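Listed below, chain by chain, are the residues.
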Amino acid sequence: MPWVVLLAGLLAAAPLAALDPDKAFHHYVRNTWSIEEGLPQISALAIAQDRQGYLWVGTQAGLARFDGVRFSVYTPESSPGLPGVWIQDLLVDPENRLWVSTYRGLAVRDHQGFREVRLAGAAAGTVTDTRDLVRTAAGELLVAAPQGVFRVRDEELELAHPMSRPVTALLAAGDALLVGQRGQVLRLAGGVTELMPLPEGDEDTVVTELIEAQGRLWAGTSGGLFHREGGEWKRHEGGEPLSRAPIETLFEDSDGNLWVGMVENLARLRNGRVREIVTDEPAAAAVRAVFEDREGNVWFGGQWEGLTRVWNGWTRRYGKREGLADPVLWSVARGTDGRLWAGSNSGLSVMEGGAFRQVVKGSDLPHPNAYTLLPEDDTVWIGTRRGLAVLRGDRLERPAEFSAFRGAQINGILRDHRGALWFATTQGLYRHARGELRGFGPGDGLRETRTRLMLETHDGRLLLGTQAGLFEVIGDRVEALGADQGLPDNVDVTAIHELPGGELVIGTLTEEVFLLRNDRWTRFGAAQGMPVNSAFFITHDRQGYLWVAGIRGIQRIRLRDMQALADGEIARVQGEMLLNERGDRRGGQKGDCCNGAGNAKGFLFGGDLYLPTRSGLVVMSTEGIVKSEIAPRSLIERVRVGDAWREADPSANWRLGQDDRDLSFDFTLLSFQDPKSVELRYRLVGYDSDWRELEDVTRRSVNYTNLPPGSYVFEAIGANSAGIWSPAPAQLGFHIQPRFHETGLFQLLLAGLLGSLVFAGYRRQQGKHLRQREALEALVSQRTEALEVANFRLEEASQTDPLTGLRNRRYLANQIPADIAYYDREVVRRASPGEVMVFALVDVDHFKAVNDRHGHTAGDRVLQQFAQVLGQLVRTGDYIARWGGEEFLVVFRPMPNRHLPILGERIRHAIANHRFDVGTDEPISLTCSIGFIECPLFRDARGSLGWEQMVELADRALYHVKAHGRNGWAAYRPLPNADLPGLLAALQSGETDLLASGKFELLGSDGVVAP
């Protein structure tokens, strides 16, 4: 079957590849940096890595040094030795000197800084355009220029090979030098020049790149890609666009991929043949430079998109590119024939030959959501949110014999070893055997009819997970499990898994996992070292890991550690997040995961996890989790003494003056795979008693104030995201000279004076001591006040969005819990039950269209004006935060809940009536969508719902507005019969659950909620 072939291909993928050749480009993990992150200009034209580990990026507006988090920019204004801002090529030599070719000449950088390399002889004092840089096997540095090929000798440019045509490309091939020009390539070896002209008709075609790769000599030109064969140049046989499009760059990575950057697209060749043409990817458009760093990351410098880092990751994601009509998946299952079936938000699809084909449209099902699946031979059982459908071959049926649960959501379908079919639904449990359908409810021992999933154990037991605990079906009875074994009462079970030895693992909606070992249930939550996640799917692999997937992501834990904790041998496990949707620190890859609790929420096959998400099918290789094992280097970059910064040169004189008591240190760790998840520690030997950990690894700077005199050594050390530590700390020693009153000589003189004037000088000396103490106290007070002001400013900056000046998420995490607690007390004290805090999640409608039509600068102006309009609508005590992208969160202090519609219309009209200046002749009009939620949501359950969950409910309401035309507002409000457990259960489902339960109503503006 085609699907079996696809699975075999996935399993055969080499786990240690820097960029797996069998992956499509869009499956790689991609991160992009541009001017918003500190790159001096959007065009990254050249990339190199020095021996320390810094990445250097040449742009059209200067040179940047990158440590994975921040850019240091160098221009002719800041570094006079740099002759021009337009950087064309970079090269690092074995002495760790960085050579920089610009449109105005060549420069070199070493530990002393930048120096211009000038023309020698009669041409001295003139300026030339320098292009390609190449180092020969003999160690000679050659430079391409319009006049010919220059060599660097004694830090001067000497014309080694004059040319009648400008030199546009160089390649050192063994003892030969290949020179690219217009219409030809010259081969220079042993004093002999061989002409290698391009084919007839390409006399005006310019050779832009030369490379030896995949057993061929390649030439990238302004008229397409050529290779050398049979003593002549041949146009690449792959056809358009490679054969005709202008080639910007050629690069072969360590895995044998030949990357070809064109004006519009990016191509990847294997063994001389086209493996992939990458289109519709911003990072692959107009690639001007490609580079592989020492960790195996491949970097792409683009004309329009800045700098992009690409690495393998450990997932593939199949969505609209592969044919999914709706990328929101609820279920995924592997059939007996090896085919993969996927239930989406709108129908059923099957994967064939690596692509999806829709088999059943959502409109043909009882409900569009194919929520759970059971594929068997020529039959696929489809459980929807309103009953059952059966696909038999090509015929879709709705069997009347299952009409008893026609209106129920079907969460799980299972066929047991006796051949009976079981259905877990929101109306209870059903068994279909020998042509009869039997339901199980409270009268049969099932105290909670909302059943979620089922598992048949290896010894034939049928276990049932519900919103009120774990049960076992025994004959025609259902019995509760776990109460006498330590399992909490009424636990909401979302996943069940059996280990090879018969031990059970369950996941719960309360973001905990429980292990049954030696007849006792052991809890695993955040306190025990587990990442926070509601488990929707659990399995184990052959490497000894337990895998847990849920809406927050995918994590793994060593089974032997869980068993050791259950046996009382250890107190914590080390859970590891490998995919998370929020981009958390130490959270692995960023990406959406994973939908819906119940059966058919994932499977493990051949070492790969297959899971449904709201952005398609994600496939994670459990055996391909490869992190960088290269020890990173720790570096101290510069030191601020007083108000002046100095480069951290250990060989410099670091004997500081007696008043140099305030110092700041900038340091870094050079690791690029996941730079925001590294660990950084520092200490000042002679002052700190132990290492300190840097909490925010993106700031990488620490301050010391009012240091006493003495000798110190500042040290910094770090570990990459895989926990590999630097082999040694970076160190910088310095000495602060004492003031006279702090010296030993002064103390001796003072003691002699006191001895000779025991009586007469006693009172005078007492006064002197008092004045000295007051002066020192004033100095300490002054320094302390300065430190407090500096810390306050730093704290304000860390909690402020730099673009809009609004608060950010960090501020909300500190402020909202305190406000909720305060307003809860005030509402109770004033006996005002009708008053509520209001969270409003406001999103700019069609913001991407503004960026696409007017540019990112216009988008930034829209966000700034949007923030100003919102600022005019809030009262004292309310506050606004930028939630992310074009979303804003407004927190309103308590108000009568009847004012919610007025508030929604005020915000909506204010935005719609504002004219946004985007720098064009005419301002533009925009609208917004608003999702509200009131706090507290339940008067009798204060504090039980976290503020993040409140914002998630507001996001649900916002999603509803977006789905119903935008330019409106909506809010979920519980009806009198609603309860907190019901809401928590509904959070893992879609919007339909909140309304269909009959316990919530949806308020909204006209057009969003029909009257």
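The preceding data block contains the structure.
Residues numbered from 1 in each chain as written. Predicted model: local features only at pLDDT ≥ 70, side-chain atom pairs only at ≥ 80, totals over all residues. Heavy atoms only, no water.

(A) Molecular detail of the overall build of the protein. A tally of regular secondary structure across the protein gives 11 helices and 74 strands. Compactness check: the protein gives a C-alpha radius of gyration of 34 Å against a globular reference of 30 Å for 1011 residues, within 12% of the reference. Taking the principal axes of its C-alpha atoms as reference, the protein extends roughly 110 × 100 × 65 Å. Burial statistics for the protein: of 1011 residues in total, 53% are counted as buried. In the protein, the share of contacts with a sequence separation of at least 24, taken over all contacts with a separation of at least 6, comes to 55%. A total of about 44,100 Å² of accessible surface is found on the protein, and carbon and sulfur atoms cover 48% of it. The protein carries 112 positive and 131 negative side-chain charges, and their two centres are separated by 3 Å. (Helix = DSSP H or I, 4+ residues; strand = E, 2+ residues; numbered from the N terminus. Rg over C-alpha atoms; globule rule 2.2 N^0.38 Å. Buried < 20%, exposed > 50% of the residue type's maximum accessible area, 1.4 Å probe, protein only. Contact = heavy atoms within 4.5 Å. Areas by Shrake-Rupley, 256 points an atom, 1.4 Å probe, with all protein chains shown as cover. Lys, Arg positive; Asp, Glu negative; His and termini not counted. Charge placed at Lys NZ, Arg CZ, Asp CG, Glu CD.)

(B) Representation of the pattern of salt bridges in the model. Under the criterion given, the structure shown has 62 salt bridges. Put simply, Arg 357 and Glu 352 hold a salt bridge, and the shortest N to O gap is 3.0 Å. Relative accessible area serves as the criterion here: at 39%, Arg 357 is assigned to the partly exposed category. A cluster of three or more residues bridged by salt bridges with shared partners is formed by Arg 65, Asp 67, Arg 70, Glu 637 and Arg 700. (Salt bridge = Lys/Arg side-chain N within 4 Å of Asp/Glu carboxyl O.)

(C) Highlighting the sheet that holds strand β68 (residues 879-884). Pairing in this open sheet of six strands is mixed, and the strands run β68-β69-β67-β72-β73-β74 from one edge to the other. The sheet is open, and its two edges are formed by β68 and β74 (1000-1004), each paired on a single side. Pairs of neighbouring strands in the sheet enclose a mean axial angle of 25°, with direction left out of account. Bridge count for strand β67 (residues 835-844) against strand β69 (residues 887-896) is eight bridges, and the pairing is antiparallel. Directly across from Ala 840, in β69, lies its bridge partner Val 890. Strands β67, β68, β69 and β72 (928-935) of the sheet are contacted by helix α7 (residues 856-871), whose axis makes an angle of about 0° with β69. (Pairing = 2+ DSSP bridges. Axes fitted to C-alpha atoms, helices over the stretch in contact; angles between N-to-C directions.)

(D) Summary view of the packing of helix α6 (residues 847-854) against α7. Between α6 and α7, whose axes approach to 7 Å, the crossing angle comes to 140°. Taken together, the axis directions place α6 and α7 in an arrangement best described as oblique. The segment α6 lies against α7, with Phe 847, Val 850, Asn 851 and His 854 engaging His 856, Ala 858, Gly 859, Val 862 and Leu 863. The class makeup of the residues in the contact of α6 with α7 is five nonpolar, four polar and no charged. (Parallel < 35°, antiparallel > 145°, perpendicular 65-115°, else oblique. Nonpolar A, V, L, I, M, F, W, Y, C, P; charged D, E, K, R; others polar.)

(E) How the structure looks around the layout of surface pockets. One number sums up the size of the second largest pocket: a volume of about 1,200 Å³. Forming the walls of the second largest pocket are 41 residues, and the residues nearest its centre are Asp 89, Asp 132, Leu 133, Glu 209 and Thr 249. For the lining of the second largest pocket, the elements supplying multiple residues, two or more each, are β2 (44-49), β6 (87-92), β10 (133-135), β14 (169-173), β18 (207-213), β22 (247-252) and β26 (287-292). (1 Å grid on protein atoms, 1.4 Å probe; cavity = no way out; pocket = protein on both sides within 12 Å on 5 of 7 lines; lining within 4 Å. Points joined across faces, edges and corners; volume = space filled by probe spheres on them.)

(F) Summary view of the pairing of strand β73 (residues 968-974). For β73, the buried fraction is high: seven of the seven residues fall into the buried class. Residues of β73 alternate between two faces, with Gly 968, Ala 970, Tyr 972 and Pro 974 on one and Trp 969, Ala 971 and Arg 973 on the opposite face, all of them buried. Here β72 runs beside β73; their pairing, made up of four bridges, is parallel. Bridge pairing links Phe 932 to Ala 971 in β73.

(G) Highlighting a positive patch on the surface. A cluster of basic side chains, namely Arg 51, Arg 135, Arg 294 and Arg 633, defines a positive patch on the protein surface. Considering the arrangement of structural elements, one finds Arg 633 in strand β58 (residues 633-641). (Patch = residues over 30% accessible without salt bridge, like charges linked within 9 Å, V, L, I, M, F, W, Y side chains within 5 Å.)

(H) Focus on a nonpolar patch on the surface. Together, Phe 740, Leu 745 and Leu 749 line one region of the surface with nonpolar side chains, adding up to about 330 Å² of accessible area. Relative to the assigned elements, Phe 740 resides in the loop between β66 (730-736) and α3 (744-756).

(I) Quick look at the nonpolar core. Of all hydrophobic cores here, the largest spans 35 residues; its most connected members are Phe 866, Ile 907 and Phe 932. Looking at this core, the elements that each hand over two or more residues are β67, α6, α7, β69, α8 (900-913), β72 and β73. Looking at which element gives the most residues to this core, the answer is α7, with seven residues. By size, the runner-up hydrophobic cluster in this structure holds 34 residues, among which are Ile 820, Val 961, Tyr 972 and Ala 978. (Core = buried A, V, L, I, M, F, W, Y, C linked by side-chain atoms within 4.5 Å.)

(J) Region of the structure containing the pairing of strand β36 (residues 387-392). Within β36, five of the six residues are buried, leaving the element largely enclosed by the surrounding structure. Direction of pairing for strand β35 (residues 379-384) relative to β36: antiparallel, over a ladder of six bridges. Along β36, the bridge assignment pairs Thr 379 with Arg 392. Here β35 hands over to β36 after two residues, the two strands then running antiparallel side by side. Summarising the sheet, β36 and strand β37 (residues 395-397) pair through three bridges and their orientation is antiparallel. Of the residues in β37, the one forming a bridge with Val 390 is Glu 397. The turn linking β36 back onto β37 is made up of two residues, and Gly 393 within it adopts a positive phi angle of 65°.

(K) View of the packing of aromatic side chains. Across all of its chains, the model carries 35 aromatic pairs by this definition. For the ring pair Trp 56 and Tyr 74, a centre distance of 5.6 Å and an interplane angle of 35° mean the geometry is tilted. You can see Trp 56 sitting in strand β3 (residues 55-59) and its partner Tyr 74 sitting in strand β5 (residues 71-74), a full 18 residues away along the chain. With respect to burial, Trp 56 and Tyr 74 carry one shared label: buried. On the basis of an interplanar angle of 75° and a centroid distance of 5.3 Å, the ring pair of Trp 311 and Trp 314 is categorised as edge-to-face. Accessibility assignment for this pair places Trp 311 and Trp 314 in one class, buried. Positioned above the aromatic ring of Trp 330 is the side chain of Arg 385, whose terminal nitrogen or guanidinium carbon lies 4.5 Å from the ring centre. For Arg 638, the ring lying beneath its charged end belongs to Trp 645, and the centroid distance is 3.9 Å. (Phe/Tyr/Trp six-rings, centres within 6.5 Å; stacked < 30°, edge-to-face > 60°. Lys NZ or Arg CZ within 6 Å of the ring centre and 35° of its normal.)

(L) Broad picture of the state of the cysteines. Here the structure, examined in full by the defined rule, presents one disulfide. In this model, Cys 593 is linked to Cys 594 through a disulfide, with the two sulfur atoms separated by 1.4 Å. Classification of the bridge connecting Cys 593 and Cys 594 rests on its S-S torsion, roughly -60°, and on that basis the disulfide is left-handed. Exposure class is identical for Cys 593 and Cys 594. Each is buried. (Disulfide = S-S within 2.5 Å.)

(M) A look at the sheet that holds strand β9 (residues 113-119). The strand order across the open sheet formed by eight strands is β6-β7-β8-β9-β13-β12-β11-β10, and the pairing between neighbours is mixed. Looking at the sheet topology across the chains shown, the edges are occupied by β6 and β10. Strand-to-strand twist of the sheet, defined as the mean angle between neighbouring strand axes without regard to direction, takes the value 30°. Note: strand β7 (residues 98-102) against strand β8 (residues 105-110), five bridges, orientation antiparallel. Following the sheet pairing, Leu 98 is matched in β8 by Arg 109.

(N) A look at helix α9 (residues 947-963). Under the 1.5 Å per step criterion, the end-to-end length of α9 is 24 Å for 17 residues, consistent within 8% with the ideal 24 Å. After α9 finishes, the residue Gly 965 shows a positive phi value of roughly 105°. (Expected span 1.5 Å × (residues − 1).)

(O) Region of the structure containing the side chain of Arg 385. With respect to the helices, strands and loops of the structure, Arg 385 is situated in the loop between β35 and β36. Taking the relative accessible area as the measure of exposure, Arg 385 reaches 6% and is therefore buried. Of the polar contacts made by the side chain of Arg 385, one reaches the side chain of Asn 369; its length is 2.7 Å. (Polar contact = N/O pair within 3.5 Å; in protein donor to acceptor, adjacent residues only side chain to side chain.)

(P) The environment of Ala 867, seen in detail. Counting through the fold element by element, Ala 867 comes out in helix α7. Relative accessible area serves as the criterion here: at 6%, Ala 867 is assigned to the buried category. A C-alpha to C-alpha distance of 8.1 Å links Ala 867 and Phe 888, two positions 21 residues apart in sequence. Once you skip the residues sitting within four places of it in the chain, Ala 867 turns out to touch Thr 804, Leu 806, Ile 880 and Phe 888.

Keep in mind these numbers describe shape, not what the thing actually does.
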